[in-house]
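Descriptive analysis of the structure
Each chain, written out:
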Amino acid sequence: MVSPHDRFDFVVAANRLPVDREVDDDGVTHWQTSPGGLVTAMDAVMQDRTACWLGWAGDPGEDVAPFDRNGVRLHPIGLSTEDVRGHYEGFSNETLWPLYHDVIVPPRFRRSWWASYQRVNTRFAQAISEVANTGATVWVHDYQLQLVPAMLRSLRPDLRIGWFNHIPFPPVELFGQLPWRHSVLRGLLGADFLGFQRTNDAANFTRACHQLLGTSSTGDVISWRGADDGRIGAEPRRVRTASVPISIDFTAMEELARTPAVRRRSREIRASLGNPRTVLLGIDRLDYTKGIRHRLRAISELFADGDIAAPEVTLLQIATPSRERVSAYQDLRSQVDGQVGRINGDHSGIGATAVHYLHHAYPKEEMAALFQAADVLLVTPLRDGMNLVAKEYVASRWDGRGALVLSEFTGAAQELNSAFLCNPHDIAGLKGTILTAMREDPASLRKRMLAMRRRVRSHDVHAWAQRYLTALEAAPGKPGRG
Ligand code: F6P
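Computed from a predicted model, the values in this text were never measured in an experiment.

1. Observations regarding the pattern of salt bridges
A full pass over the atoms with the stated rule returns 34 salt bridges. The closest approach of N and O atoms between Glu268 and Arg265, which form a salt bridge, is 2.8 Å. Taken as a pair, Glu268 and Arg265 lie in helix α9 (residues 260–272) at a separation of three residues, close to a single helical turn. On the basis of relative accessible area, Glu268 is assigned to the partly exposed category, the value being 42%. The salt bridge involving Asp287 is made with Arg323; its shortest N-O contact spans 3.5 Å. With a gap of 36 residues between them, Asp287 in the loop between β13 (278–285) and α10 (292–305) and Arg323 in the loop between β14 (313–320) and α11 (327–347) connect regions that are remote in the sequence. With relative accessibility at 15%, the residue Arg323 sits in the buried group.

And the structure:
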């Protein structure tokens, strides 16, 4: 029985709940499990504890009463239309997202969005403080909630607080543009442990703290004398930072990819494409960070140069709709629509389509079938915290076949160094890398794929969550601890 007074030993806070709210034509609310990797990781660590997950339900609306699902309490935080605009679309995705991804598009700094970001972070901190048991562990996720650690610490100093950044943390030369840079750093330094995808992200954060707040550090521990409200306190707090790269559920993905239904579907996909000699595949959220325009430019030139031709070679590009009310995403969509139209106009024939372009989201089963239908997966972001699609592809290729072209600017490239690494800004280089991947002999492709599979298998999402929680538990935190 759900009681609003229940308290939990383990609390997760993320911008989104692991379920999305859908209201049907009769006004009845349904909750659909969202397919993200975070859900799987948290499922595993939440099962043996009394656990609660706080997050937004994905559309504007009032707070909904908490409810239980698979033994976990889900606690929706309702956001008004103004806060969806100011916190989610505005400050999170028009200010922080471009700033943290190397300013591929210019970040917008608006004071009303900052006010909304503070308001929503306060709501989360207050709600967490009401559900967390004495001494509970709280795991806060991502750039949408960077003020929560310090806000929560001032409400509940007894808690063990961790934060994990799913996206890059930029160099101080870019981060320093943010008008509210001190507040964001102070917000994060309320945590005991801060986890990042790459060692460079952790180093960028530490450098920003030194330069902008005057902190000092020993090894991976930052010493911070400022109180959470910015005043200088006598006792230094110690905050550990480390890289803990996120991963996927390797076994579940491989098992899915091995099912007869998925194998059949992958043959069907190839047949529907006209059984080409080479299927090139791209699967991305339609986001300007993913390098889709650079990839299409390279593909267009390969067709124009005569290095590839339909129907023997075709590109299947899946672009999942994302953040569709944000103007940079609307612009990207028209640009990609235009590029695909031009390539097909110039290089397709009847029954010989150069680029198959689908603007849809697909379930995991279809993704597994698409991965198996592909000869080469093209993952070409200009900047990406990790890129789990690359890891899912590797897990799906139990047959040891397939090639991965992977941007150097992804977190995944640090682990998957047997991929065909590329710089997506270098169009000539990218074209060459795609051709090399297409032409590599099967024995050598197999060797590369097996090496990548070993890495992802041994560093899966369960290992990631365990590593993170062990580091959080061991973090020094308060003076005298650790
Ligand atoms: O990994 C970054 C991230 O913003 C996550 O927080 C989120 O789950 C994903 O990308 C998709 O973004 P959104 O929640 O804005 O649809």
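Once the structure has been displayed, the description carries forward.
2. Quick word on the layout of surface pockets
Here the second largest pocket defines a volume of roughly 540 Å³. Considering the residues around the second largest pocket, the lining is formed by 24 residues, among which Ala374, Asp375, Arg397, Arg401 and Gly402 are closest to the centre. Considering every element that reaches the lining of the second largest pocket, the biggest residue donor is α9, with four residues.

3. Remarks on unusual backbone geometry
A cis geometry characterises the amide bond from Ala310 onward to Pro311, with omega recorded as 10 degrees. Here Pro311 lies in the loop between α10 and β14. Here Asn275, not a glycine, exhibits a phi torsion of approximately 45 degrees, which is positive. With respect to the helices and strands, the residue Asn275 is situated in the loop between α9 and β13. Since its relative accessible area comes to 54%, Asn275 is described here as exposed. Look at Arg323: it is not a glycine, yet its phi comes out positive at around 45 degrees.

4. Focus: the domain arrangement of the chain
The assigned domain composition of the chain is domain 1 (4–246 + 464–473) and domain 2 (250–458). When each unit is reduced to the centre of its C-alpha atoms, the spacing between domain 1 and domain 2 is 31 Å. Taken together, the 21 residues of domain 1 in the interface contact 21 residues of domain 2. Carbon and sulfur atoms make up 58% of the surface buried where domain 1 meets domain 2, a total of about 1,800 Å² over both sides. When the area that domain 1 buries against domain 2 is broken down by residue, the three leading residues are Trp97, Ile104 and Arg198, summing to 30%. Inspection of the region where domain 1 meets domain 2 yields two salt bridges. Where Arg383 meets Asp102, a salt bridge forms, and the shortest distance between an N and an O atom there is 3.1 Å. Linking domain 1 to domain 2 there are seven residue pairs in polar contact (both at pLDDT 80 or more). Top contributing element to the side of domain 1 that touches domain 2 by residue count: helix α2 (residues 81–100), with seven residues. Looking at the side of domain 1 that touches domain 2, its residues break down into eleven nonpolar, five polar and five charged.

5. Observations regarding the site of the ligand
The environment of the ligand is formed by Arg16, Tyr88, Asn93, Trp97, Asp142, Tyr143, Gln144, His166, Ile167, Arg285 and Arg323. Contact distances for the ligand include 2.8 Å between an oxygen atom and a side-chain N or O atom of Asp142. Bound to the protein, the ligand loses 69% of the 380 Å² it would expose on its own. Looking at the shell around the ligand element by element, the count peaks at three residues for α2.

6. A look at the packing of aromatic side chains
If you walk through the whole model with that rule in mind, you get 22 aromatic pairs. Here the aromatic rings of Phe164 and Trp464 are separated by 5.2 Å at their centres, their planes lie at 75 degrees, and the arrangement is edge-to-face. Of this pair, Phe164 sits in strand β8 (residues 160–164) while Trp464 sits in helix α16 (residues 461–474); the two residues are 300 residues apart in sequence, bridging distant segments of the chain. The two residues Phe164 and Trp464 agree in class, both being buried. Centre to centre, the rings of Phe169 and Phe196 are 6.1 Å apart; their planes meet at 85 degrees, and the pair counts as edge-to-face. Taken as a pair, Phe169 in the loop between β8 and α5 (172–175) and Phe196 in strand β9 (residues 193–196) lie far apart in primary sequence, 27 residues in all. Through a chain of ring-to-ring contacts, the aromatic side chains of Tyr100, Trp163, Phe169, Phe175, Phe196 and Phe205 assemble into a single cluster. In this structure, Arg448 packs its charged tip against the face of Phe420, placed 3.8 Å from the ring centre.

7. Thoughts on the side chain of Glu89
Along the chain, the position of Glu89 falls in helix α2. The buried category is assigned to Glu89, whose relative accessible area is 6%. Leaving out residues up to four positions away in the same chain, Glu89 has contacts with Val84, Glu94, Arg325 and Val326.

8. Examining helix α12 (residues 364–373)
Within α12, eight of the ten residues are buried, leaving the element largely enclosed by the surrounding structure. Buried residues belonging to α12 abut α8 (250–258), α9, β13, β14, β16 (376–379) and α13 (388–396).

9. Brief notes about the side chain of Asn387
Topologically, Asn387 is positioned in the loop between β16 and α13. Here the side chain of Asn387 touches Asp384 through a polar contact of 2.9 Å, side chain to side chain. In terms of polar contacts, Asn387 uses its side chain to reach the backbone amide nitrogen of Ala390, at 3.0 Å. If we ignore the near neighbours within four places in the chain, the residues touching Asn387 are Lys290, Val379, Pro381, Thr410 and Ala412.

What counts as what
Residues numbered from 1 in each chain as written. Predicted model: local features only at pLDDT ≥ 70, side-chain atom pairs only at ≥ 80, totals over all residues. Heavy atoms only, no water. Salt bridge = Lys/Arg side-chain N within 4 Å of Asp/Glu carboxyl O. Helix = DSSP H or I, 4+ residues; strand = E, 2+ residues; numbered from the N terminus. Buried < 20%, exposed > 50% of the residue type's maximum accessible area, 1.4 Å probe, protein only. 1 Å grid on protein atoms, 1.4 Å probe; cavity = no way out; pocket = protein on both sides within 12 Å on 5 of 7 lines; lining within 4 Å. Points joined across faces, edges and corners; volume = space filled by probe spheres on them. Domains from an automatic or database assignment. Contact = heavy atoms within 4.5 Å. Buried area = accessible area lost by both parts, 1.4 Å probe. Polar contact = N/O pair within 3.5 Å; in protein donor to acceptor, adjacent residues only side chain to side chain. Nonpolar A, V, L, I, M, F, W, Y, C, P; charged D, E, K, R; others polar. Near = heavy atom within 4 Å. Areas by Shrake-Rupley, 256 points an atom, 1.4 Å probe, with all protein chains shown as cover. Phe/Tyr/Trp six-rings, centres within 6.5 Å; stacked < 30°, edge-to-face > 60°. Lys NZ or Arg CZ within 6 Å of the ring centre and 35° of its normal.

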